[in-house]
Amino acid sequence: MNEEKLKSPAVCVALGFILLLGLYLRVAGLSTLGPGFDEPIHIYAAMSILQTGEPTLPSGFEYTRSLLFTSLVAVSFKIMGASLFAARMPSVLFSMFSILLLFKIGSDFFGRKVGLAAAFLMAFVPFEVSWARACRMYSMYQFFYLGAFYAFYRAFESRETPSPDAAHGGGRPFLARLVCTWGLKWNWLIVCMASFGIAFHLQHLAGVFPLSVLIYLLAMLVVTLPGKSKEQFLRSKYFVFSSAIVFAMTIALLIPQVQSQFIEHYSYTPEWNKSVGTSATRYFNYLISPMLFPFMVFFALGSIELLSRWNKEGFYTLVITATPLAVHSFAVNVQGWRYVYDIFPLVLLIAGYAISSFGEKTVSLVVDSFRTIEWRSQTMRKSCIVLSMSLLFVVFSVPFLYTAHGALKLSRNQDGNYGAEYHADWEKACRFLNGARQSGEIVVASIPIAAMYCGCDEVQYKLDNGGMDLFRHVEGSDLSLDVYSNAMAITSLDELKRVLSEHRYGWLLVDVQRFDNPSTIPPPIRGFVEKYFTYRYKANGTILVFSWNPDVVSQAGLLAVSAQ
């Protein structure tokens, strides 16, 4: 492990620039960005914590998922006041912490140049920037998952050779001598367990981390097996810890409550994902999309170089990266892009390694080439080297320009989500609605809790089949209620027609992302809306506003239903 100290002013200046760049991209236009589909949940729960001490939503439901993150949002509200900017600041801060942590990991594993390269990539990749600008727990989750990754290696793979006296000192218990021989650092192991515990609290899919560690230990057990006696094999830390993890997992899964929770979390398929379906190549297709393709090319090159050199830190990083990717692709039914978030910094770390190595070799090649030429003056030689380096930098930067452009426009565009939250301008849509709506006209919204937060005082109905698994069924009735807002759910065309027959005047606010998705707005409902409803307004390209009146109801042939 490289233990270089940060004494170079150039490194400090470069890291400072990276942090300033990352911070600018994360906070520019942060307060004007409309709420995403999950952000109002944390916002209402955080405001309720300040008022009542309980994370209660408008429906009366207590939202306890990722309660630690929601509590931090409440702290941010207490300091800065309740606003979208304050709601998003915990995510911004943890994203910045992750940039620093990735720099630390890269520096310790591969050197400061790799640390700077990885931190720079993480500072401006739109996937990272987008989640950092959302009031959702994923930036915090990523930091602690990354912390568990780093702490385990520091605890388990210390290169400090124990002294013979410490390992074989007389009178010391056998286990103490064995642990000393292994070179374990218990303080880092405690940090690892604490970080993993927080990450698991924030997102249960973090449970794949122990499996990743197990696979790494088994791989190292095979690699280090040749030449060892049976006694050495049984005393190997790789054998002891892999056996302990397998034993602990087996015992845990034999407990009925743990088993049922395991099945629930890892076989769950949300409604919004069912129409898309699961595919083993879905994450792969996303990672090689135009936005991320240059990084994946360098990730592949870095992986090959690390394996060819048998770099232990690199091997560990690759195993911890590959295992969740395989589990997410083949074993877990939830395949939203966000679920590569835990391992994404590790992809950037390997890519940063390749970029640093490639850059260093290229610079050396150019400088050595210029040394073989006879120059009239050293000034001319230096000028040509600087010019060549500048041209190489420009050429090398071309593949990343599309990514950089995507990151820069995030502060201006409401709908640039890049695999993260889809932000919509509910505030502008609600202002239009409040100015045009008459007394007695009902409101249907795709995300009622977002519309309510942005000024739509009353939303009676929810139109979003992507949340069907979260509806509460009213006993003795076919009525379903949104668990967050208590709005009544419309799940079929027949139910929509029934609403129109009972309420001959009304409004529909639907975000474009859901309107275009057949798993959230079924095609029959969308077709009916486009055919009969009156299109009234489009808010910043993200929210469509429709209305209906008795003429619309009549054209749809629903007056007879109303009479009945």
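1. Some details on the overall build of the protein
So, step 1. Scanning the protein from N- to C-terminus turns up 28 helices and eight strands.
So, step 2. Out of the 564 residues belonging to the protein, those deemed buried represent 51%.
So, step 3. The long-range fraction of contacts in the protein, counting pairs at least 24 apart against all pairs at least 6 apart in sequence, stands at 75%.
So, step 4. Approximately 25700 Å² of the protein is accessible, and the part contributed by carbon and sulfur atoms is 63%.

2. Some points on the nonpolar core
One recurring pattern in soluble globular proteins: nonpolar side chains tend to sit buried together.
So, step 1. In this structure, Phe149, Phe152, Phe209, Tyr216, Leu217 and Tyr316 are the most contacted members of the largest nonpolar core, which totals 109 residues.
So, step 2. With 14 residues, the top contributor of residues to this core is helix α4 (residues 84-110).
So, step 3. Residues in contact with Phe209, not counting those within four places in the same chain, are Tyr145, Ala148, Phe149, Phe152, Cys192, Phe196, Tyr316 and Ile320.

3. What to know about the packing of helix α1 (residues 9-27) against α4
So, step 1. The contact between α1 and α4 brings their axes to 10 Å, and the two run at 155 degrees. Classified by the angle between their axes, α1 and α4 sit roughly antiparallel to one another. Seen from above, α1 lies across α4 with right-handed handedness. Mapping the contact onto sequence places Val11, Leu15, Ile18, Leu19, Gly22, Leu23, Arg26 and Val27 in α1 and Phe85, Val92, Ser95, Met96, Ile99, Leu100 and Phe103 in α4.
So, step 2. A class-by-class count of the residues in the contact of α1 with α4 yields twelve nonpolar, two polar and one charged.

4. Let's talk about the packing of aromatic side chains
So, step 1. Summed over the entire model, instances satisfying the criterion amount to 45 aromatic pairs.
So, step 2. Aromatic pair Phe94 and Phe97: ring centres 5.6 Å apart, planes at 85 degrees, arrangement edge-to-face. Linking Phe94 with Phe97, this pair stays in helix α4, spanning three residues, or about one helical turn.
So, step 3. Phe94 gets classed as buried once you look at its relative accessible area, which sits at 11%.
So, step 4. Judged by relative accessible area, which is 39%, Phe97 ranks as partly exposed.
So, step 5. One cation-aromatic arrangement involves Lys237 over Phe156; the distance from NZ or CZ to the ring centre is 4.9 Å.

5. A short note on unusual backbone geometry
So, step 1. With a phi angle near 50 degrees, Trp310 is a residue other than glycine that sits in the positive phi range.
So, step 2. With respect to the helices, strands and loops of the structure, Trp310 is situated in the loop between α17 (293-308) and α18 (312-330).
So, step 3. Even without a glycine there, the phi angle at Asn486 is positive, about 70 degrees.
So, step 4. As for its placement among the helices and strands, Asn486 is situated in the loop between β4 (480-482) and β5 (488-489).

6. As for the pairing of strand β6 (residues 506-511)
So, step 1. For β6, the buried fraction is high: six of the six residues fall into the buried class.
So, step 2. Bridge count between strand β1 (residues 442-445) and β6: four bridges; the pairing is parallel. Residue pairing across strands places Val444 opposite Leu508, the latter belonging to β6.
So, step 3. Where β6 meets strand β8 (residues 543-548), six bridges bridge the pair, whose relative direction is antiparallel. Note on β8: the bridge partner recorded for Val510 is Leu544.

7. Topic: the environment of Ser59
So, step 1. Take Ser59: it is sitting in the loop between α2 (39-52) and α3 (67-80).
So, step 2. Classification of Ser59 as buried rests on a relative accessible area of 15%.
So, step 3. Expressed as a C-alpha distance, the spacing of Ser59 and Asn486, which sit 427 residues apart in the sequence, is 4.8 Å.
So, step 4. With residues up to four places along the chain from it excluded, the contact list for Ser59 reads Arg472, Asp482, Val483, Tyr484, Ser485 and Asn486.
So, step 5. Here Phe61 takes part through its backbone nitrogen, which lies 3.3 Å from a polar atom of the side chain of Ser59.

8. Side note on the pattern of salt bridges
So, step 1. For the coordinates displayed, the defined rule picks out 15 salt bridges.
So, step 2. Between Asp464 and Arg514 there is a salt bridge, and its shortest N-O distance comes to 3.1 Å. Here Arg514 lies in helix α25 (residues 512-515) and Asp464 lies in the loop between β2 (461-462) and β3 (471-473), a separation of 50 residues in the sequence. Grouping residues by exposure puts Asp464 and Arg514 together as buried.
So, step 3. The partner of Arg526 in a salt bridge is Glu530, and the shortest N-O contact between them spans 3.1 Å.

9. Points about the side chain of Ser98
So, step 1. Within the secondary structure, Ser98 is located in helix α4.
So, step 2. The buried category is assigned to Ser98, whose relative accessible area is 0%.
So, step 3. Those residues in contact with Ser98, other than ones at most four positions away along the chain, are Met122, Ser139, Gln142, Phe143 and Leu146.

10. Here's the deal with the confidence of the model for the protein
So, step 1. Across the protein, the average pLDDT comes to 86, with 89% of residues at or above 70.
So, step 2. Under a pLDDT of 50 for its full length, residues 1-6 has, in the predicted model, 20 contacts with residues more than four places off or in other chains.
So, step 3. In the predicted structure, residues 560-564 sits below a pLDDT of 50 and forms three contacts with residues beyond four places in sequence or in another chain.

11. Quick word on the pairing of β1
So, step 1. Alternating residues of β1 divide into Ile442 and Val444 and Val443 and Ala445, and every residue in both groups is buried.
So, step 2. When β1 meets β2, the two strands line up parallel, connected through two bridges. The partner of Val444 across the bridge, within β2, is Tyr461.
So, step 3. Considered for its hand, the β-α-β crossover made up of β1, helix α23 (residues 448-453) and β2 is right-handed.

12. Focus: α1
Side chains three or four residues apart in an α-helix point the same way, a direct result of the helix having 3.6 residues per turn.
So, step 1. End to end, α1 covers 27 Å across 19 residues, agreeing with the expected 27 Å (1.5 Å per residue, within 8%).
So, step 2. Every buried residue of α1 is listed here: Val11, Leu15, Ile18, Gly22, Leu25 and Arg26. Buried residues of α1, viewed axially, fall in a sector of 100 degrees; they line one side. Exposed side chains of α1 directed beyond 90 degrees from the buried face belong to Pro9, Ala10, Val13, Phe17 and Leu20.
So, step 3. Where α1 is buried, its residues touch α4, α5 (112-124), α6 (126-132) and α21 (401-408).
So, step 4. Remark: Gly29 follows α1 within two positions and exhibits a positive phi of approximately 65 degrees.

13. Some words on helix α22 (residues 426-436)
So, step 1. Buried within α22 are the following residues: Trp426, Ala429, Cys430 and Leu433. In a view along the axis of α22, the buried residues occupy a sector of 95 degrees, so they form one face of it.

Conventions and cut-offs
Residues numbered from 1 in each chain as written. Predicted model: local features only at pLDDT ≥ 70, side-chain atom pairs only at ≥ 80, totals over all residues. Heavy atoms only, no water. Helix = DSSP H or I, 4+ residues; strand = E, 2+ residues; numbered from the N terminus. Buried < 20%, exposed > 50% of the residue type's maximum accessible area, 1.4 Å probe, protein only. Contact = heavy atoms within 4.5 Å. Areas by Shrake-Rupley, 256 points an atom, 1.4 Å probe, with all protein chains shown as cover. Core = buried A, V, L, I, M, F, W, Y, C linked by side-chain atoms within 4.5 Å. Axes fitted to C-alpha atoms, helices over the stretch in contact; angles between N-to-C directions. Parallel < 35°, antiparallel > 145°, perpendicular 65-115°, else oblique. Left-handed = near helix turned anticlockwise from the far one by under 90°. Nonpolar A, V, L, I, M, F, W, Y, C, P; charged D, E, K, R; others polar. Phe/Tyr/Trp six-rings, centres within 6.5 Å; stacked < 30°, edge-to-face > 60°. Lys NZ or Arg CZ within 6 Å of the ring centre and 35° of its normal. Pairing = 2+ DSSP bridges. Polar contact = N/O pair within 3.5 Å; in protein donor to acceptor, adjacent residues only side chain to side chain. Salt bridge = Lys/Arg side-chain N within 4 Å of Asp/Glu carboxyl O. pLDDT = per-residue confidence, 0-100. Right-handed = clockwise from strand over helix to strand, strands pointing away. Expected span 1.5 Å × (residues − 1). Arc of directions from axis to C-beta.

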